[in-house]
Amino acid sequence: MPRILLVKTSSMGDIVHALPAVSDIARHVPGAVIDWVAEEAFAAIPALHPKLNAVIPVALRRWRKAWWSASVRAERAAFKQALQAHRYDAVIDMQGLWKSAMVARLAHGPVHGGDLRSARDPFASLFYRHRHRVVFEQSAVVRMREMAALSLGYELDGPPDFGIRAEPPAGLPARYAAIMPSASRPTKLWPEDAWRTVLQRLAVAGYAPLVFAGTEEESARAQRLIQGIAGAQALPRMGLADVAGVLAGAAVVVGLDSGLTHLAGALGRPTIGIYADYDPALAPVTGPAFTASLGGRGTPPSCEQVLAALGQALPAEGATGAAR
């Protein structure tokens, strides 16, 4: 029974993009036992995939703040023990950075990764036993699928299958839209007046806008956006499993280029992604339902473009298709 380890630690959107590789492996490698290493903050995302055997959490982001403290040394030892509990037939570094290469090298098994021209950090490729050429100038989902296929020796075929499911929690409106107006960088933000126009259009159409927020700054933004809009709510901070449930029940999702927006597409919801500082061709919103990836680096979409996509998304709920 082949045992395979995927190393894709962060960020949330990157982890979402790698999920179809799990479905591919399960389909092409009979009996495969698949484990995954992910940052503790994002471990709930790969855990949504039923074909995954185990998620091994790592905390590099937190550990580096106190690397040599007694508590962190103990956690690092426990992680190493969990990582080395099994012998792997293949360890695939899907991240392509020196830190992920170091994690992959700790595991017992031959390590696969990108070659000098394919790894995000060319230095990382020096630590792989098997190096593969994967063209970077294509969508992240395709890159991840190709890396797994080349590492395990099967032919890539068919559309991406993210394979994840989530159950909407009780107590939500009968018809609602999930809104993600916050992002990790200020350069990703979209004007608040444009957001309010979108929320008003949704409310008039009978879809209660539910706005995600986490930090105090995001909560303040959410409160400004929903002010005076019928049925609009600012959601409290919640865990990723609960967030996935909210996304799974939405009639439509509109969000910035963020992990939650990509997660919505993976969950099969009609999803509109708004890009302001990244090329959407490299990481488009992808999924089995309607998706639209609008804007680009330095060229955010107009409000009219987003409203037009919204008009396509709502009638097409449940259908397949894409507009990018």
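Visitor: Talk me through helix H4 (residues 98-106); I want residue IDs and the actual numbers.
Guide: Those residues of H4 that fall on the buried side of the exposure criterion are Ser100, Ala101, Val103 and Ala104. Summarising the axial view, the buried residues of H4 lie within an arc of 160°, below the 170-degree limit, and thus occupy one face. Considering only its buried residues, H4 is in contact with strand E1 (3-7), strand E2 (33-39), helix H2 (60-63), helix H3 (70-83), strand E4 (90-93) and strand E5 (111-114).

Visitor: Now, about the packing of helix H6 (residues 192-204) against helix H7 (residues 216-226): what can you tell me, with residues and values included?
Guide: Where H6 meets H7, the closest approach of the two axes is 9 Å, and the angle between their N-to-C directions is 55°. Classified by the angle between their axes, H6 and H7 sit oblique to one another. Judged by the twist between their axes, the crossing of H6 over H7 is right-handed. Between H6 and H7, the contacting residues are Glu192, Trp195, Arg196 and Leu199 on the first element and Arg221, Arg224, Leu225 and Ile226 on the second. Looking at the contact of H6 with H7 residue by residue, the class counts come to four nonpolar, no polar and four charged.

Visitor: Can you lay out helix H1 (residues 12-28) for me, pointing to particular residues and giving the numbers?
Guide: Helix length check: H1, at 17 residues, gives a terminal C-alpha distance of 26 Å against a target of 24 Å (1.5 Å per residue), a fit within 8%. With 13 of its 17 residues buried, H1 lies for the most part within the structure.

Visitor: Quick rundown of the pattern of salt bridges? Include the residues and the values.
Guide: Under the criterion given, the structure shown has 12 salt bridges. The salt bridge involving Arg120 is made with Asp14; its shortest N-O contact spans 3.7 Å. Taken together, the residues Arg120 in the loop between E5 and strand E6 (130-132) and Asp14 in helix H1 connect sequence positions 106 residues apart. By relative accessible area, Arg120 is classed as partly exposed at 48%. Exposure remark for Asp14: the relative accessible area of 21% places this residue in the partly exposed category. We note a salt bridge from Arg224 to Glu192, for which the minimum N-O separation is 2.6 Å. Note that Arg224 is positioned in helix H7 and Glu192 in helix H6, a separation of 32 residues in sequence. What makes Glu192 partly exposed here is its relative accessible area of 29%. Salt bridges sharing common partners tie together Asp24, Arg27, Arg145 and Asp157.

Visitor: Which residues make up the nonpolar core, and what values go with them?
Guide: Core analysis: the largest hydrophobic core is formed by 51 residues, its most contacted members being Leu6, Ile25, Trp36, Phe212 and Leu247. Of all the secondary structure elements, the ones that give two or more residues to this core are E1, H1, E2, helix H5 (140-152), strand E7 (176-180), strand E8 (208-211), helix H8 (240-248) and helix H9 (259-266). Among residues more than four places away in sequence, those in contact with Ile25 are Ile4, Leu6, Ala32, Ile34, Ala148, Leu152 and Tyr154. In terms of nonpolar packing, the next biggest core, distinct from the first, is built from 32 residues, Ala213, Leu225, Leu307 and Leu314 among them.

Visitor: Break down the sheet that holds strand E9 (residues 233-234) for me, citing the residues and quoting the values.
Guide: Read from one edge of the open sheet, six strands run E9-E8-E7-E10-E11-E12, paired in parallel fashion. Lying at the two open borders of the sheet, with one neighbouring strand each, are E9 and strand E12 (291-295). Two strands pair when backbone bridges link them, and E7 and E8 are joined in this way by four bridges, in the parallel orientation. Residue pairing in the sheet places Ile179 in a bridge with Val211 of E8.

Visitor: Break down the layout of surface pockets for me, citing the residues and quoting the values.
Guide: In this structure, the second largest pocket spans a volume of roughly 280 Å³. What lines the second largest pocket is a set of 13 residues, and nearest its centre among them are Leu60, Trp63, Trp67, Lys99 and Val103. Sorting the residues of the lining of the second largest pocket by element identifies H2, H3 and H4 as the ones contributing at least two each. When residues in the lining of the second largest pocket are grouped by element, the largest group, five residues, is from H4. Class assignment for the residues of the lining of the second largest pocket results in eight nonpolar, no polar and five charged.

Visitor: Please provide a residue-by-residue account of the packing of H1 against H5, values included.
Guide: Packing of H1 against H5 brings their axes to within 7 Å, and their N-to-C directions diverge by 35°. Considering only the axes of H1 and H5, their crossing is right-handed. Of the residues in H5, those touching H1 at His17, Ala18, Pro20, Ala21, Asp24, Ile25 and Arg27 are Ala140, Val141, Met144, Arg145, Ala148 and Leu152. When the residues that make up the contact of H1 with H5 are grouped by side-chain class, the tally is nine nonpolar, one polar and three charged.

Rules behind the numbers
Residues numbered from 1 in each chain as written. Predicted model: local features only at pLDDT ≥ 70, side-chain atom pairs only at ≥ 80, totals over all residues. Heavy atoms only, no water. Buried < 20%, exposed > 50% of the residue type's maximum accessible area, 1.4 Å probe, protein only. Helix = DSSP H or I, 4+ residues; strand = E, 2+ residues; numbered from the N terminus. Arc of directions from axis to C-beta. Contact = heavy atoms within 4.5 Å. Axes fitted to C-alpha atoms, helices over the stretch in contact; angles between N-to-C directions. Parallel < 35°, antiparallel > 145°, perpendicular 65-115°, else oblique. Left-handed = near helix turned anticlockwise from the far one by under 90°. Nonpolar A, V, L, I, M, F, W, Y, C, P; charged D, E, K, R; others polar. Expected span 1.5 Å × (residues − 1). Salt bridge = Lys/Arg side-chain N within 4 Å of Asp/Glu carboxyl O. Core = buried A, V, L, I, M, F, W, Y, C linked by side-chain atoms within 4.5 Å. Pairing = 2+ DSSP bridges. 1 Å grid on protein atoms, 1.4 Å probe; cavity = no way out; pocket = protein on both sides within 12 Å on 5 of 7 lines; lining within 4 Å. Points joined across faces, edges and corners; volume = space filled by probe spheres on them.

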